[in-house]
Amino acid sequence: MSNHQRLDDGMRWRIVGKLEAGQSQVQICREFNLTPSVVCNLWKQFQDTGSIERKPGQGRPRATMVTENRYLSVIARRNRGATASQLSRDLYAATGTVYQG
């Protein structure tokens, strides 16, 4: 698990409002207990796009759904020596889903 927490939209707008009012980034970092890079990146994003919206997640889409992940977890715990191929076959037999993991 990571140590950071995500800023909600309300806090993001409060930070941008303080920056627009002329408060320094250092003061805002202290007030909100944030690292300078968070405030700097938020300000740059706002200046470039006029928005504080987070970008959608990037990366490869999930190959399995939440219920299939739970099922894989259960059968893997029952059979600790199972290989990925065996788990894939078990998942396919149970759900008809082909697991590419």
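As the structure is a prediction and not an experimental result, all values here were calculated from the model.

Colleague: What is the right way to look at the environment of leucine 19 in this model?
Modeller: When you line up the elements, leucine 19 lands in helix 1 (residues 9-20). Looking at leucine 19, the relative accessible area reads 10%, which means it is buried. In this structure the C-alpha to C-alpha distance between leucine 19 and proline 61, which are 42 residues apart in sequence, comes to 36 Å. Not counting residues within four places of it along the chain, the set of residues in contact with leucine 19 comprises Gln25, Ile28, Val39 and Trp43.

Colleague: Can you help me understand the packing of aromatic side chains in this one?
Modeller: The geometry of two aromatic rings is summed up by the distance between their centres and the angle between their planes. This model, assessed by the stated rule, comprises two aromatic pairs. On the basis of an interplanar angle of 85° and a centroid distance of 5.9 Å, the ring pair of tryptophan 13 and phenylalanine 46 is categorised as edge-to-face. Separated by 33 residues along the polypeptide, tryptophan 13 in helix 1 and phenylalanine 46 in helix 3 (residues 36-49) bring together distant segments of the chain. Relative accessible area serves as the criterion here: at 44%, tryptophan 13 is assigned to the partly exposed category. Phenylalanine 46 sits in the buried class, given a relative accessible area of 15%. Between tryptophan 43 and phenylalanine 46, the aromatic rings sit 6.0 Å apart at their centres with planes inclined by 20°, giving stacked as the arrangement. Here tryptophan 43 and its partner phenylalanine 46 are both found in helix 3, three residues apart, which amounts to about one turn of the helix. Side by side, tryptophan 43 and phenylalanine 46 carry an identical accessibility label, which is buried. The rings of Trp13, Trp43 and Phe46 are connected pair by pair, giving a single aromatic cluster.

Colleague: How do you make sense of helix 4 (residues 66-78) when you look at a structure like this?
Modeller: Residue pairs spaced three or four apart in an α-helix point in one direction, given the helix's 3.6 residues per turn. With 13 residues, helix 4 ought to run about 18 Å at 1.5 Å a step, and its terminal C-alpha atoms sit 19 Å apart, in line with that. Glu68, Leu72 and Ile75 are the residues of helix 4 that are buried. One side of helix 4 carries all its buried residues, which in axial view fall inside an arc of 70°. The exposed set on the far side of helix 4, more than 90 degrees from its buried face, consists of Val66, Thr67, Arg70 and Arg78. Along its buried surface, helix 4 packs onto helix 5 (84-95).

Calculation criteria
Residues numbered from 1 in each chain as written. Predicted model: local features only at pLDDT ≥ 70, side-chain atom pairs only at ≥ 80, totals over all residues. Heavy atoms only, no water. Helix = DSSP H or I, 4+ residues; strand = E, 2+ residues; numbered from the N terminus. Buried < 20%, exposed > 50% of the residue type's maximum accessible area, 1.4 Å probe, protein only. Contact = heavy atoms within 4.5 Å. Phe/Tyr/Trp six-rings, centres within 6.5 Å; stacked < 30°, edge-to-face > 60°. Expected span 1.5 Å × (residues − 1). Arc of directions from axis to C-beta.

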